[in-house]
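# Observations on the model geometry
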Amino acid sequence: MNQDFAIVILAAGLGTRMKSRRAKVLHRAGGKTLIELVVSTATQVAAPDRVHVVVGHQAELVQQAVAVAGVRTIVQSEQLGTGHAVLEGRSALESAGPHLLVLYGDCPLVAPETLAALMRQHLETGAAATVLTTRLADPAGYGRMIRDRSGHIQAIVEEKAATPEQKAVTEINSGIYCFQTPRLFECLARLRPDNAAGEYYLTDVIGDLASQGRLIGGFSICESWQVLGINTRVELAEVDAVLRGRKARALMLDGVTIQRPETVTLDLGVSVGSDTVLEPFVQVLGRSAIGSGCLVRSYSVVSDSTLADEVTVEPFSLIHESQIERGARIGPYARLRTGNYVGAEARVGNFVELKKTRIGARSKAQHLAYLGDADIGAGVNIGAGTITCNYDGLSKHPTTIGDGVFVGSNTTLVAPVEIGAGSYVAAGSVVTENVPPDTLTIARSRQTNKRGWPSRRSGRGRS
Ligand code: UD1
Ligand code: MG
């Protein structure tokens with residue numbers, strides 16, 4: 001961890017070009033907000049209490065997004081430009097260290113190793129500022145690096161202010177720089193918003209320092225994708241694809257089979273064990289952890305859930321905030337809404353919906369059921385069409401089913417209700433009272449057979 005540097009991350013802008021009500025840095029790539037991604041990179045090169053995030057648009061939400069990282073925030077209540085954003089943090093940043101690394105919250109792909117190398121060069125050369133740059137075949141939209149004949153950086157010119165000759169420059173400003181902190185604030189205090197946008201441009205500091213004859217360093221990288229800035233949803237999708245592609249690659253190298261990886265959506269926070277197979281068009285999201293030897297078949301979505309080893313998820317299943325134990329089989333077309341536990345080797349089949357339900361080991365609910373707020377023991381059979389009536393219009397009530405119970409098809413369990421261990425519920429029952437253990441309950445009207453009634457009715461019986 002570098003003691004010479006404080007870090008400031010600019011994240012106060014709305015991001016007009018995103019055409020969104022949401023602040024730009026709260027948009028997600030790889031399942032994480034852009035600001036989380038940048039903060040996570042920053043805290044790999046400096047201690048969290050040396051990292052400052054400038055917030056403005058939807059400040060509270062941005063603050064919330066970075067709170068767990070333990071970084072500091074600075075409020076820029078009016079967004080008057082990148083230079084103004086840094087100036088707003090003057091008192092905190094001046095006392096935070098002799099050098100300042102500036103990052104933009106909309107540039108999430110830069111590697112911590114790149115930042116560390118930039119910071120090292122900045123210290124070794126003694127430059128007043130060091131700018132991370134790259135060359136782009138299409139530099140449109142970025143600030144251009146203007147160098148003199150001997151290659152010294154003279155200024156950064158924004159696209160809007162650039163002459164045709166300057167626009168032809170392919171070396172761009174990444175928006176990542178190191179500054180000697182006192183030099184930076186001297187210049188920022190002099191900054192004027194005399195440009196087409198009427199903003200205080202941080203980039204103007206470079207020209208100011210150069211005109212004072214100060215040394216400006218350039219740290220140029222070939223891997224331009226590292227400094228891809230997100231200004232529109234097109235770039236958001238590009239960054240998202242890079243992050244997810246990287247994640248898929250890392251998992252494949254760790255022994256996960258991913259069929260047609262370009263179709264599979266993997267959030268950065270997920271883990272998948274070796275010899276698990278993810279079929280095309282699977283999504284594994286949030287903080288999901290999938291064990292080894294599992295099979296997750298096409299069009300299934302697993303979010304914030306834990307799957308132990310050897311679990312099979314058949315196609316078109318949705319598993320959210322649930323825990324599935326070893327060898328269980330889910331789907332096809334199952335919906336596990338939230339707060340479910342499925343025991344080892346249990347089966348949850350097609351068109352079965354679970355909500356806050358616990359199913360014990362080897363139990364089966366194979367077809368067409370709604371099980372909500374239910375605690376179901378081990379070795380239970382839930383027949384097709386079983387419904388727990390957990391809601392009376394005012395509040396939710398529990399259903400408890402003991403080990404080894406057999407619930408016949410099309411049973412209605414009116415909660416709160418308990419079925420004792422080893423009992424049988426006859427098909428078509430409406431169960432409103434508790435059933436003791438080891439009992440057969442039949443809760444339906446008795447069948448009456450009227451022989452000859454159809455023919456009597458049609459008159460055939462009287463001939
Ligand atoms: C900026 C650079 C440009 C560089 C590009 C790299 C300036 C003037 N231009 O342009 O040279 O090539 O980034 O991606 O710096 N922000 C604030 N407060 C403000 C304004 C912006 O916090 O008042 C934040 C934004 O939330 C954003 C970052 O600063 O995260 C950059 O702002 P943005 O408007 O995206 O600048 P670019 O036009 O991309
Ligand atoms: Mg930008």
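So, here's what we can say about the structure. (Residues numbered from 1 in each chain as written. Chains lettered and ligands numbered in written order. Predicted model: local features only at pLDDT ≥ 70, side-chain atom pairs only at ≥ 80, totals over all residues. Heavy atoms only, no water.)

### Some points on the site of ligand 1
Neighbouring ligand 1 are 23 residues, the closest being Gln-76, Gly-81, Tyr-104, Glu-158 and Asn-173. Residue Arg-17 places a side-chain N or O atom 3.0 Å away from an oxygen atom belonging to ligand 1. In isolation ligand 1 exposes 760 Å². Once the protein is present, 91% of that is buried. Contributing elements (two or more residues each) for the shell around ligand 1: β1 (5-11), α3 (82-88) and β10 (171-180). (Near = heavy atom within 4 Å. Polar contact = N/O pair within 3.5 Å; in protein donor to acceptor, adjacent residues only side chain to side chain. Areas by Shrake-Rupley, 256 points an atom, 1.4 Å probe, with all protein chains shown as cover. Helix = DSSP H or I, 4+ residues; strand = E, 2+ residues; numbered from the N terminus.)

### Quick notes on the coordination of the magnesium ion (ligand 2)
Every protein donor of the magnesium ion (ligand 2) is accounted for by Asp-106 (OD) and Asn-231 (OD1), and the metal-donor separations fall at 2.1 to 2.3 Å. Highlighted residues: Asp-106 in the loop between β6 (99-104) and α5 (112-125) and Asn-231 in the loop between β11 (216-221) and α9 (233-253), separated in sequence by 125 residues. Classification of Asn-231 by relative accessible area gives buried; the value is 17%. (Donors = N, O, S within 2.8 Å, 3.2 Å for Na, K, Ca; no water. Buried < 20%, exposed > 50% of the residue type's maximum accessible area, 1.4 Å probe, protein only.)

### Some words on the sheet that holds strand β36 (residues 417-419)
Read across the open sheet, the nine strands follow the order β14-β17-β20-β23-β26-β28-β30-β33-β36; overall the sheet is parallel. Of all strands in the sheet, those with a lone pairing partner are β14 (271-272) and β36, marking the two edges. By the bridge criterion, two bridges tie strand β17 (residues 289-290) to strand β20 (residues 306-307) in an arrangement that is parallel. Its bridge partner lying in β20, Ala-289 is registered against Thr-306. (Pairing = 2+ DSSP bridges.)

### A word on the packing of aromatic side chains
Inspection of every chain in the model, using the stated rule, returns seven aromatic pairs. Taking the centre distance of 5.5 Å and the plane angle of 40° together, the rings of Tyr-177 and Phe-179 count as tilted. Here Tyr-177 falls in the buried class, since its relative accessible area comes to 0%. The rings of Phe-281, Tyr-299, Phe-316, Tyr-333 and Phe-351 are connected pair by pair, giving a single aromatic cluster. Above the plane of the ring of Tyr-391 lies Lys-396, whose end atom (NZ or CZ) is 5.2 Å from the centre. (Phe/Tyr/Trp six-rings, centres within 6.5 Å; stacked < 30°, edge-to-face > 60°. Lys NZ or Arg CZ within 6 Å of the ring centre and 35° of its normal.)

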